[in-house]
Amino acid sequence: MYGKIFIKCKMKVLTGMHIGGSSAFSAIGAVDSPVIRDSFTGEPMLPGSSLKGKMRTLLAKSIKYHYITQECANDPEEITRLFGSAGNSKKGINPKAARLQFADAFLVNAADLKKRGGMTEVKFENTISRLTAVANPRQIERVVRGSEFAINMVYDMEDQAVLKIDFTNIAKALKLLSMDYLGGHGSRGYGKVAFADFTVEVREGECPVDVNTLLNMLKEVEEYGAFSLQA
């Protein structure tokens, strides 16, 4: 069995989100920590690697039932088959290709954001030394609340026996992310997100499981999380 399932949804930013870009050539007085942008449009973007890495880390913590998780090469089978593994030659662990592929995500409501005031905001923060009272101010650029990104993932059908298990884990990772944060500075309120408008489409091959069953697994994510009503 081999085929491909196309998974689509929208990710809505509920609180300002910072996924950093390069500031190597910033002018004097520019923002200290800019967000990453699409070089073609100049608009903020969400790298597929950021979403993949966060989903994998949260799922690994959950399955291990421990906050301090293991190296990626030592992840359990249900994680490495979804997200892949570079392997570990010293331990005899071979590389493994990821069954779940992520695309970079781009804004779908950029025009509305521009009318409302802009796609990003600059948050001024300050760290003050307890011992010397010396301030260390900084400026952090954030993607504004209400931004929506188009999420696209492709799942490779390879094993009927674990298809539903894999989709259960995809949904679980997204649920965990809905209760966590994406990007930096999450403990200070940044990067709360919600997922909605899931679609599942078999693009190649025949799916041995009813597509609506897989879709319903993912749709559970839409109502999940304490932050889902903030925007």
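Attention in this report is confined to the structure presented alongside it. Fair warning: this is a prediction, and the values are worked out from it, not measured in the lab. (Residues numbered from 1 in each chain as written. Predicted model: local features only at pLDDT ≥ 70, side-chain atom pairs only at ≥ 80, totals over all residues. Heavy atoms only, no water.)

1. What to know about the sheet that holds strand β7 (residues 148–157)
Note on sheets: strands pair through backbone hydrogen bonds, and any given pair is parallel or antiparallel. Formally: Paired strands, in this sense, are two strands between which DSSP finds at least two bridges. Here a strand is any run of E in DSSP of at least two residues, a helix any run of H or I of at least four, and the numbering for each starts at the N terminus. The angle between two axes is taken between their N-to-C directions and runs from 0 to 180 degrees, where each axis is a line fitted to C-alpha atoms and a helix contributes only its stretch in contact. Residue contacts are counted whenever heavy atoms from the two residues lie within 4.5 Å of one another.
Pairing is antiparallel across the open sheet formed by 4 strands, whose spatial order is β3-β7-β1-β8. Each end of this open sheet is capped by a strand with a single partner; those strands are β3 (100–102) and β8 (193–204). On average, each strand axis in the sheet is inclined to that of its neighbour by 20°, with strand direction left out of account. This element, helix α4 (residues 163–178), spans β1 (3–13), β3, β7 and β8 of the sheet and lies at about 160° to β8. Running at roughly 165° to β8, helix α5 (residues 211–219) makes contact with β1 and β8 of the sheet.

2. Concerning the pattern of salt bridges
Heads up, the rule is: The salt bridge criterion pairs a side-chain nitrogen of Lys or Arg with a carboxyl oxygen of Asp or Glu, the two atoms within 4 Å. Only protein chains enter the area calculation, which uses a 1.4 Å probe; residues under 20% of their type maximum are buried, those over 50% are exposed, and those in between are partly exposed.
Inspection of every chain in the model, using the stated rule, returns 14 salt bridges. The residue Lys 114 makes a salt bridge to Glu 43 at a minimum N-O spacing of 3.6 Å. Note that Lys 114 is positioned in helix α3 (residues 110–116) and Glu 43 in the loop between β1 and β2 (45–46), a separation of 71 residues in sequence. Taking the relative accessible area as the measure of exposure, Glu 43 reaches 16% and is therefore buried. Residue Arg 56 is joined to Asp 75 by a salt bridge in which the shortest nitrogen-to-oxygen separation is 2.9 Å.

3. Some remarks on the pairing of strand β6 (residues 135–143)
With 9 bridges joining them, strand β5 (residues 120–128) and β6 adopt antiparallel strand pairing. By the bridge assignment for β6, Lys 123 is matched with Ile 140. Hairpin connection of β5 to β6: 6 residues between the antiparallel strands, including Ala 133 at a positive phi of 65°.

4. Side note on the packing of helix α1 (residues 48–64) against α4
Let me state the cut-off plainly: We call two directions roughly parallel when the angle between them is under 35 degrees, roughly antiparallel when it is over 145, roughly perpendicular when it lies between 65 and 115, and oblique otherwise.
Packing of α1 against α4 brings their axes to within 9 Å, and their N-to-C directions diverge by 100°. Here α4 runs roughly perpendicular to α1, going by the angle between their axes. Side by side, α1 and α4 meet where Leu 51, Lys 54, Met 55, Leu 58, Leu 59 and Ser 62 of the first sit next to Asn 169, Ile 170, Lys 172, Ala 173, Leu 174, Leu 176 and Leu 177 of the second.

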